[in-house]
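# Residue-level structural notes
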Amino acid sequence: MANTSNADNEIQIAGMGHVYVGDVDAAAPDLWSYTFGDGTTLESQGWTWIGDTSSENLIEFETDGGDTSTKDTWDRKNARSTRATKTTNVTISSVSMNDDTINIAFPGSTYVDSTDGYDLVLSGSIDKAILIVMEEGMLVSGILLRKVNLSGDMPTLDKENFTEIKIKGVILTPPSGQASVHYLKPRTVTGTSTAVPTITKMEPTTGKIGASVTLTGTNFDGTRKVSFGGVRAVFTKKSSTVITCTVPRVSLGEHEVAVTNGKGRGASVTKFTATA
C-alpha cells in the first residue's frame, strides 16, 4: 500500500514567488527560516531580491536541442544513438525598475545623477546565480540556478498592466562543476536555529504507526527533521518548545526519537515503543 503520510508536504502550488540574484556558485540558502521582505533572511546569505516580477507572465523555462538520432551499420538498423546538446533558457518578467533590475538587465549602464536616470547599455550580459523561491502558506521551496548568463530586453508597455522588462538567461555549468540546477524540496518554515534541540518530554511513549506524538523540549526553531529510529516523520512545529509528529513506518519495538535543526541533532533519553 502506498505511504501517503508526507504527501501533503511534497506537493505545492506556486502561489507567490520571488527572484533573487547572487554570485555564481552561491551556496543553496536556508529556507527553513525564510521570511519574505524582512531584509535579512536571504540577504544575510548573500542574496539580493530583484524586485517585483509579473504575476501575468511567470518565470518560463525553455529547452532547445536534446534530440536523439540513430545510426545504422551496414548490417543492423539503429545500432547506436546520439543525443544533441541541450540548452535551457530562462525568462524573468520584472515589473520593477529599481537599480538592481537595471544593473542585471542592462549591465554596464551608467547612472546619470543630473536626470536621476540611466544611460542604458543594451548589448551587455552578466553571469549570476539565480534563486527562485516559491511560497504557499507556510510551505516554501526553491530552484537554484548556479550560473546564468543574463541580458534584458527593452521594456514592454501596456495600458492595463505593469511595464515589464524581460530578463533572459542561458543556464550554464558553474565553475565548481556542480549541477547547473539545484532543487530545494517544499518544506514548512520553522524559524531560525539558535542552538542544538533537546527533548525533555514525549507523550505518549507508545503507539501504533500513524499515531500522534507530542514532543516538548527546547530550541525547536529551525527544525528540519524529526525521526523515529532514523525514519523521517511528518511533524508540525507548534512553538520553539513543542512539536507534534506522526509515528512513521518503523518496525515494532523501541526507537530513539530525534529532532534536527540547523545547529545539530538532539535525541530523546526515553525511547518510543511502536506497537501493533
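To keep things clear, this report deals only with the structure shown in the data block. From a predicted model like this one, the values you see are computed outputs, not experimental measurements. (Residues numbered from 1 in each chain as written. Predicted model: local features only at pLDDT ≥ 70, side-chain atom pairs only at ≥ 80, totals over all residues. Heavy atoms only, no water.)

### Structural notes on the sheet that holds strand β23 (residues 272–274)
- Across the sheet, 3 strands lie side by side as β14-β23-β20; this open sheet has mixed pairing. Of all the strands in the sheet, the pair left with one neighbour each is β14 (206–207) and β20 (253–255).
- Summarising the sheet, β20 and β23 pair through 3 bridges and their orientation is antiparallel. Paired with H255 across the strands is F272, a residue of β23. (Pairing = 2+ DSSP bridges. Helix = DSSP H or I, 4+ residues; strand = E, 2+ residues; numbered from the N terminus.)

### So, the pattern of salt bridges
- Inspection of every chain in the model, using the stated rule, returns 7 salt bridges.
- Linking K77 and D72 is a salt bridge whose minimum nitrogen-to-oxygen distance equals 3.6 Å.
- For K77, a relative accessible area of 67% translates into the label exposed.
- Taking relative accessible area as the criterion, D72 reaches 43% and is therefore assigned partly exposed.
- Where D221 meets K237, a salt bridge forms, and the shortest distance between an N and an O atom there is 2.8 Å. Of this pair, D221 sits in the loop between β15 (212–218) and β16 (225–228) while K237 sits in strand β18 (residues 235–237), and the two are 16 residues apart along the sequence.
- You can call D221 partly exposed: its relative accessible area is 26%. (Salt bridge = Lys/Arg side-chain N within 4 Å of Asp/Glu carboxyl O. Buried < 20%, exposed > 50% of the residue type's maximum accessible area, 1.4 Å probe, protein only.)

### Some remarks on the packing of aromatic side chains
- Enumeration over the complete set of coordinates arrives at 4 aromatic pairs.
- Note on Y111 and Y118: the rings are 5.5 Å apart at their centroids and 65° apart in plane angle, and the pair reads as edge-to-face.
- A relative accessible area of 25% places Y118 in the partly exposed class.
- With 5.3 Å between their ring centres and 85° between their planes, F228 and F272 make a pair best called edge-to-face. Residue F228 is located in strand β16, and its partner F272 is located in strand β23; the two are separated by 44 residues in the primary sequence. (Phe/Tyr/Trp six-rings, centres within 6.5 Å; stacked < 30°, edge-to-face > 60°.)

None of the figures reported here should be taken as evidence of function without further support.
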